[in-house]
Amino acid sequence: MATSTSLVPYDKKAVKTLPPECLNEIIPPLDYSFLKITTVEECESEEPRITSPRKQQYVSTKKEEEEKDDKSKSACLRLNNNELKDVNNIMSVATSLFHSPQNIGWIDLSFNTLAKIDPVLAQFENLQILYLHGNAISDLKEVNKLAAIPKLWKLTLHGNPIEDIKDYKKFCVSALTKLLNFDFARVTKADRVTANTWKNFNQPKKVKMHDRDD
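Residues numbered from 1 in each chain as written. Predicted model: local features only at pLDDT ≥ 70, side-chain atom pairs only at ≥ 80, totals over all residues. Heavy atoms only, no water.

**Some words on the overall build of the protein chain**
- Secondary structure assignment for the protein chain yields five helices and seven strands.
- Ordered by position from the N terminus, the helices and strands of the protein chain form the series α-β-α-β-α-β-β-β-α-β-β-α.
- Going through the 214 residues of the protein chain one by one, you find that 38% of them count as buried.
- Counting contacts in the protein chain only where the partners sit at least 6 residues apart, residues at least 24 apart contribute 64% of the total. (Helix = DSSP H or I, 4+ residues; strand = E, 2+ residues; numbered from the N terminus. Buried < 20%, exposed > 50% of the residue type's maximum accessible area, 1.4 Å probe, protein only. Contact = heavy atoms within 4.5 Å.)

Shown next as structure tokens:
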């Protein structure tokens, strides 16, 4: 029976001529998910998972072959579905695993046991996507730490205890002004207006200090 599925023919020349900014489309994430690791340091001794047997192969140049090392050129790190309680040393570990850790744009820390958001995540200056759903974060104020990540536009936090706190979404959206996607849903203009209005009515009022006569 005929199907409507269309196939795009493979063009080896096209792979060779892809610009540098597109390389992450063909270099899979460095994947340490489902390995039962308890500390990020264990990644240095563990073998990453093979993401997909159908992944495209990056054709390296002669110069790159001469400069070849064991570090990944990916811009994505997956640490989901493990037993991590903190990620204090994630930057130092990323430096040992990635060719350019400063270019990491996506980190998946979902389904661990993280109770706090470590400020070290702000050191990833190009981080755009962060998954933290399914952890143990219970204090809404922890979300404020993420405001220090300049390019963060997609975030997940559902499945944490904070999700049950009243006005959870309004707090997160108002605290992170550059978010475009939150908990796998688009942040609309209406969401932003509602969150900002909520913030204006709920932020602590400043107490004016008056000079007292001696």
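**Some details on the pattern of salt bridges**
- Per the stated rule, a full pass over the model turns up four salt bridges.
- Note that Lys145 is salt-bridged to Glu142, the shortest N-O span being 2.7 Å. (Salt bridge = Lys/Arg side-chain N within 4 Å of Asp/Glu carboxyl O.)

**A word on the side chain of Asn181**
- Summarising the element assignment, Asn181 is placed in strand 6 (residues 181-182).
- Looking at Asn181, its side chain comes within polar contact range of the main-chain nitrogen of Phe184, at 3.4 Å.
- Contact partners of Asn181, with chain neighbours within four places excluded, come to Trp153, Lys154, Leu155, Arg186 and Val187. (Polar contact = N/O pair within 3.5 Å; in protein donor to acceptor, adjacent residues only side chain to side chain.)

**Some remarks on the sheet that holds strand 3 (residues 106-108)**
- With mixed pairing, the seven strands of this open sheet are ordered in space as 1-2-3-4-5-6-7. Because the sheet does not close on itself, it has two edges, and the strands there are strand 1 (30-31) and strand 7 (185-186).
- The pairing of strand 2 (residues 76-78) with strand 3 spans three bridges and is parallel. Across the sheet, Arg78 pairs through a bridge with Asp108, a residue of strand 3. (Pairing = 2+ DSSP bridges.)

**Overview of unusual backbone geometry**
- For Phe111, which is not glycine, the phi dihedral falls at a positive 55°.
- Inspection of the secondary structure puts Phe111 in the loop between strand 3 and strand 4 (129-131).
- On the accessibility criterion, Phe111 (43% relative accessible area) is partly exposed.
- Phi angles above zero are rare outside glycine, and Phe184 is one such case at about 60°.
- Summarising the element assignment, Phe184 is placed in the loop between strand 6 and strand 7.

**Thoughts on the packing of helix 4 (residues 168-175) against helix 5 (residues 189-202)**
- Helix 5 packs onto helix 4 with a crossing angle of 95° between their chain directions and a minimal axis gap of 8 Å. For the element pair helix 4 / helix 5, the angle class is roughly perpendicular. Contacts between helix 4 and helix 5 pair Lys169, Lys170, Phe171, Val173 and Ser174 from the former with Asp191, Arg192, Thr194, Ala195, Asn196, Trp198 and Lys199 from the latter. (Axes fitted to C-alpha atoms, helices over the stretch in contact; angles between N-to-C directions. Parallel < 35°, antiparallel > 145°, perpendicular 65-115°, else oblique.)

**Considerations on the side chain of Ser72**
- Take Ser72: it is sitting in the loop between helix 2 (62-66) and strand 2.
- Overall, Ser72 belongs to the buried group, its relative accessible area being 13%.
- Within the structure, Ser72 has its side chain in polar contact with the backbone nitrogen of Ser74 (distance 3.0 Å).

**Digging into the nonpolar core**
- Core analysis: the biggest nonpolar cluster contains 46 residues, and Leu79, Leu109, Leu130 and Leu157 have the highest contact counts within it.
- If you list the elements that add at least two residues to this core, you get helix 3 (90-97), helix 4 and helix 5.
- Once residues within four sequence positions are removed from consideration, Leu157 is found in contact with Leu132, His133, Ile137, Val143, Ile162, Tyr168, Cys172, Phe182 and Asp183. (Core = buried A, V, L, I, M, F, W, Y, C linked by side-chain atoms within 4.5 Å.)

Shape is all these values report; function is a separate question.
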